[in-house]
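These are the residues of each chain, in order.
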Amino acid sequence: MHSTTKLQIGNLALGAILFLLAVLVAVETVSLTPPTQQATVGPAFFPLLVALGLAANAAALFWQALRGRVSADQWLKHDMAPMLIVLAGLVLQMALLTTAGWIVATTLLFATVARAFGSRRIVLDLLIGFLLSAASFYMFNEVLGLSLPQGWIVETFMND
């Protein structure tokens with residue numbers, strides 16, 4: 001198989017994965033319960049913006065692959081393993097968000113993405129992920145007055 005053909009198939013595959021991820025993010029965002037307070041920018045704005053960006057990147061990959069004028073020396077080769085690891089982390093976060101809560105789900109997402117970027121320090125990645133997710137949980141829930149899913153950590157250690 002010619003390298004340009006392989007690249008076109010890779011662009012189609014990556015485009016399809018990005019498009020499915022965009023649809024998944026959009027569907028999950030739309031299915032969330034809206035907050036009771038009024039806000040200029042609601043909690044669905046940024047996830048929908050991310051879904052739009054994913055869909056635009058998928059469309060660009062489809063366009064390049066279907067045009068058939070992509071040469072192998074113009075594009076970097078797609079390294080699918082890190083992308084699939086990040087995708088698995090996102091799916092895991094969405095699956096755990098309502099039961100385990102924001103802190104646990106986002107801690108695991110952080111460690112998964114760090115692994116995809118080549119980190120081998122799982123304990124440190126989990127610790128950093130925990131600190132960042134706990135800080136963002138506090139900022140959203142206490143400072144901004146929005147509510148992220150609590151999960152068992154907050155229910156165990158913070159509720160009396």
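Keep in mind that this is a model prediction, so the values were computed, not measured. (Residues numbered from 1 in each chain as written. Predicted model: local features only at pLDDT ≥ 70, side-chain atom pairs only at ≥ 80, totals over all residues. Heavy atoms only, no water.)

Peer 1: Quick question: what am I supposed to make of the environment of Ala 26 here?
Peer 2: The topology assignment puts Ala 26 in helix α1 (residues 3–31). Residue classification places Ala 26 among the partly exposed residues on the basis of a relative accessible area of 23%. Between the C-alpha atom of Ala 26 and that of Val 50, which follows or precedes it by 24 residues, the distance is 8.7 Å. Setting aside chain neighbours within four positions, we find Ala 26 in contact with Leu 48 and Ala 51. (Helix = DSSP H or I, 4+ residues; strand = E, 2+ residues; numbered from the N terminus. Buried < 20%, exposed > 50% of the residue type's maximum accessible area, 1.4 Å probe, protein only. Contact = heavy atoms within 4.5 Å.)

Peer 1: Is there a simple way to explain the confidence of the model for the protein in this structure?
Peer 2: For residues with low pLDDT, the predicted coordinates do not support detailed interpretation. Of all residues in the protein, 79% attain a pLDDT of 70 or more, and the chain-wide mean is 81. When mean pLDDT is taken per element in the protein, helix α4 (residues 102–116) scores highest with 93 and helix α6 (residues 151–157) scores lowest with 71. (pLDDT = per-residue confidence, 0-100.)

Peer 1: Just checking my understanding: could you explain the packing of helix α3 (residues 80–100) against α4 for this structure?
Peer 2: Each packed pair of helices is defined by two parameters, the angle between the axes and the distance between the axes. Interhelical geometry of α3 versus α4 gives an angle of 175 degrees and a closest axis separation of 8 Å. For the element pair α3 / α4, the angle class is roughly antiparallel. Residues Pro 82, Ile 85, Val 86, Gly 89, Leu 90, Leu 92, Gln 93, Leu 96, Leu 97 and Ala 100 of α3 touch α4, and the partners they reach there are Trp 102, Val 104, Ala 105, Thr 106, Leu 108, Leu 109, Thr 112, Val 113 and Ala 116. (Axes fitted to C-alpha atoms, helices over the stretch in contact; angles between N-to-C directions. Parallel < 35°, antiparallel > 145°, perpendicular 65-115°, else oblique.)

Peer 1: Where do I start with the nonpolar core in this structure?
Peer 2: The tendency in soluble globular proteins is for nonpolar side chains to be buried as a group. Core analysis: the biggest nonpolar cluster contains 9 residues, these being Leu 14, Leu 18, Leu 21, Ala 22, Val 25, Ala 51, Leu 54, Ala 58 and Leu 61. Contributions of two or more residues to this core are made by α1 and α2 (45–67). By residue number, the principal contributor to this core is α1, which donates 5 residues. In this structure, Ala 100, Trp 102, Ile 103 and Leu 148 belong to the second largest nonpolar core, which totals 7 residues. (Core = buried A, V, L, I, M, F, W, Y, C linked by side-chain atoms within 4.5 Å.)

Peer 1: Which parts of the structure should I look at to understand the side chain of Thr 112?
Peer 2: When you line up the elements, Thr 112 lands in helix α4. Aside from chain neighbours lying at most four places away, what touches Thr 112 is Ile 85 and Gly 89.

Peer 1: Explain a nonpolar patch on the surface here, please?
Peer 2: Together, Phe 110, Leu 124, Leu 127, Ile 128, Phe 130, Leu 131 and Leu 132 line one region of the surface with nonpolar side chains, adding up to about 590 Å² of accessible area. Among the elements that line the nonpolar patch, the one with the most residues is helix α5 (residues 122–143), at 6 residues. With respect to the helices, strands and loops of the structure, Leu 131 is situated in helix α5. (Patch = residues over 30% accessible without salt bridge, like charges linked within 9 Å, V, L, I, M, F, W, Y side chains within 5 Å. Areas by Shrake-Rupley, 256 points an atom, 1.4 Å probe, with all protein chains shown as cover. Salt bridge = Lys/Arg side-chain N within 4 Å of Asp/Glu carboxyl O.)

Peer 1: Looking at this structure, I do not really get the UniProt feature "transmembrane region" (unreviewed entry) in the protein. What am I missing?
Peer 2: Taking the numbering used here, the UniProt-annotated feature "transmembrane region" (unreviewed entry) corresponds to residues 12–32, 44–63, 83–110 and 122–140. In this annotation, residues 12–32 is assigned 95% helix and 0% strand; the end-to-end C-alpha distance for the span is 30 Å. Secondary structure across residues 122–140 divides into 100% helix and 0% strand, with the first and last C-alpha atoms of the span separated by 26 Å. (UniProt positions renumbered as here; feature names shortened; annotations may be inferred.)

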